[in-house]
Amino acid sequence: MSDVNLRHTSPGPVVLRGLWRREKPWLAVAAILLVLAVVAPAQAGASLRFVAGSLLETAPYLLLSIAIAAYVTASGADALVARVFSGAPMTMIAVAALFGGLSPFCSCGVIPLIAALLAMGVPLSAVMAFWLASPVIDPSMFVLTAGLLGLDFAVAKMLAAVFLGLFGGYATHVLMRNGFLDAPLRKGVGNGGCCGASARTPKPVTWAFWRDPQGRARFAREGLSVTLFLFRWLTLAFLLESLMLVYVPQAWIAETLGGTGLWPVVLATLVGVPAYLNGYAALPLVSGLIGQGMDPGAGLSFLVAGGVTSIPAAIAVFALVRLPVFVLYLAFALAGSLASGLVYQAFLAG
């Protein structure tokens, strides 16, 4: 009996489980860097530089989205936003998909906004529409895509982003109406406590929150919380991306995705998930593949699927929402990307 009591009261496993639950991104980063330091010291340094550069590159978008999320909370505008999004679900899904397809936010920079919207009680269907559409293309990506692959391809990619948002948003709406997908956020991640309460019992919005010490404190607290959350998970995401760039050869991707017909489109959708580099690096790769004879429909599927499910985006989504929502996110990305590629292929053939 004493052995059983010792096993139940031993603090070691409890401490380790608590540490893993709170700090698993940092523990994973430390483990990866430790392995690299032993087996490939040069790559460890290169990966650290890649992580730092990627964080700096995405910093403007991240800071903007963090500031917006913190401002919404500090000013009390969360209830106002929640009421706007909860008015007409079918209309809001369409608006969210259109805005996502045109917004300048990257897949990581939009995470704070998504967390804030879900915490306010905004329906998952509208949030899913925006979330799926936003990583695929933005204004600068549209211009670069048009320059490398032509205006028709850039327009097709933008339309695919909007279609993906509409498809995922309306499908999520149907599931929600049938009693699925309650409480989408992970425990402890904006669980709707204060934000949900403010949406249910709205108070006047204090737009100039900085005049109130409590408002300034709320802004600082929310901004710090979101920043620390993102910094942990994006460090892990960019570290994994740096290894993928080195150990997944582009020649293998080119050989795998070559050819025309239905199978290359299907394969490009599946390969786009683990083999995607990043939005800007993938464009010249796809341009070269199409120049070598790959079907443009397969190229579109690769870019759309990879953009939504790239390592930074997928890890950020996984850290934020419960597993069923994450699986659904991936399923929508794959199905919508495949459909986009097939439709574009049929359009070109016609």
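The rules we used
Residues numbered from 1 in each chain as written. Predicted model: local features only at pLDDT ≥ 70, side-chain atom pairs only at ≥ 80, totals over all residues. Heavy atoms only, no water. Helix = DSSP H or I, 4+ residues; strand = E, 2+ residues; numbered from the N terminus. Buried < 20%, exposed > 50% of the residue type's maximum accessible area, 1.4 Å probe, protein only. Contact = heavy atoms within 4.5 Å. Areas by Shrake-Rupley, 256 points an atom, 1.4 Å probe, with all protein chains shown as cover. Core = buried A, V, L, I, M, F, W, Y, C linked by side-chain atoms within 4.5 Å. Patch = residues over 30% accessible without salt bridge, like charges linked within 9 Å, V, L, I, M, F, W, Y side chains within 5 Å. Salt bridge = Lys/Arg side-chain N within 4 Å of Asp/Glu carboxyl O. Phe/Tyr/Trp six-rings, centres within 6.5 Å; stacked < 30°, edge-to-face > 60°. Axes fitted to C-alpha atoms, helices over the stretch in contact; angles between N-to-C directions. Parallel < 35°, antiparallel > 145°, perpendicular 65-115°, else oblique. Left-handed = near helix turned anticlockwise from the far one by under 90°. Nonpolar A, V, L, I, M, F, W, Y, C, P; charged D, E, K, R; others polar.

Q: What is the right way to look at the overall build of the chain in this model?
A: Looking only at helices and strands, the chain features 17 helices and 0 strands. Buried residues in the chain amount to 47% of all 350 residues. For the chain, contacts bridging at least 24 residues in sequence account for 84% of all contacts bridging at least 6. Roughly 16,600 Å² of accessible area belongs to the chain as shown, and the carbon and sulfur atoms make up 71% of that amount.

Q: Help me understand the environment of Lys 187 in this model?
A: Topologically, Lys 187 is positioned in the loop between α9 (151-177) and α10 (194-200). For Lys 187, a relative accessible area of 79% gives the class exposed. Along the primary structure Lys 187 and Leu 320 are separated by 133 residues, whereas in three dimensions their C-alpha atoms are 9.1 Å apart.

Q: Can you walk me through the nonpolar core in this structure?
A: Generally speaking, nonpolar side chains in soluble globular proteins are found buried as a group. Grouped together as the largest cluster of nonpolar side chains are 84 residues, with contacts concentrated most on Trp 131, Leu 230, Phe 302, Leu 303, Leu 320, Val 321 and Tyr 329. Top contributing element to this core by residue count: helix α11 (residues 213-247), with 10 residues.

Q: Quick question: what am I supposed to make of the environment of Lys 157 here?
A: Within the secondary structure, Lys 157 is located in helix α9. Residue Lys 157 is classed as buried on the basis of its relative accessible area, which comes to 0%. Placed 21 residues apart in sequence, Lys 157 and Val 136 show a C-alpha to C-alpha distance of 7.6 Å. Those residues in contact with Lys 157 that sit more than four places away from it in its chain are Val 136, Ile 137, Met 141, Thr 145, Leu 283, Leu 300 and Leu 303.

Q: What should I look at first to understand a nonpolar patch on the surface in this one?
A: There is a patch of nonpolar side chains on the surface, built from Leu 34, Val 35, Val 38 and Val 39 and spanning about 420 Å² of accessible area. Of note, Val 35 is situated in helix α2 (residues 11-39).

Q: Can you walk me through the packing of aromatic side chains in this structure?
A: The description of two aromatic rings rests on the distance between their centres and on the angle between their planes. In this structure the tally under the stated criterion is 10 aromatic pairs. For the pair Trp 131 and Tyr 329, a centre-to-centre distance of 5.7 Å together with 50° between the ring planes defines the contact as tilted. Taken together, the positions of Trp 131 in helix α7 (residues 124-133) and Tyr 329 in helix α17 (residues 323-349) put the pair 198 residues apart, joining distant regions of the chain. For the residue pair Trp 131 and Tyr 329, the accessibility class agrees, reading buried in each case.

Q: Even after reading the chapter, I still don't get the environment of Leu 323, so can you show me in this structure?
A: By the secondary structure assignment, Leu 323 is in helix α17. Of the residues examined, Leu 323 reaches a relative accessible area of 47% and is grouped as partly exposed. Put simply, Leu 323 and Pro 184 are 139 residues apart on the chain and 8.7 Å apart in space, counted from C-alpha to C-alpha.

Q: Is there a simple way to think about the side chain of Gln 345 in this case?
A: Residue position: Gln 345 is located in helix α17. Assessed through its relative accessible area of 17%, Gln 345 is described here as buried. The contacts of Gln 345, once residues within four sequence positions are left out, are Gly 261, Leu 262, Val 265, Asp 295 and Gly 297.

Q: Teacher, can you tell me more about the packing of helix α15 (residues 296-309) against α17 here?
A: Each pair of packed helices can be described by the angle between their axes along with the distance between the axes. Close contact between α15 and α17 brings their axes to 8 Å; oriented N to C, the two are set at 160°. One finds that α15 runs roughly antiparallel with respect to α17. As for how α15 packs across α17, the hand of that crossing is right-handed. Residues Pro 296, Gly 297, Leu 300, Ser 301, Val 304, Ala 305, Val 308 and Thr 309 of α15 form the contact with α17, whose own contacting residues are Tyr 329, Leu 330, Ala 333, Ser 337, Leu 338, Ser 340, Gly 341, Tyr 344, Gln 345 and Leu 348. Residue classes in the contact of α15 with α17 are distributed as 11 nonpolar, 7 polar and no charged.

Q: How should I be thinking about the packing of helix α6 (residues 111-120) against α7 in this particular structure?
A: Running from amino to carboxyl end, α6 crosses α7 at an angle of 170°, the nearest separation of the two axes being 10 Å. Judged on the interaxial angle alone, α7 and α6 are roughly antiparallel. On α7, the residues that touch Ile 111, Ile 114, Leu 117 and Leu 118 of α6 are Leu 124, Val 127, Phe 130 and Trp 131. Taken together, the residues of the contact of α6 with α7 sort by class into 8 nonpolar, no polar and no charged.

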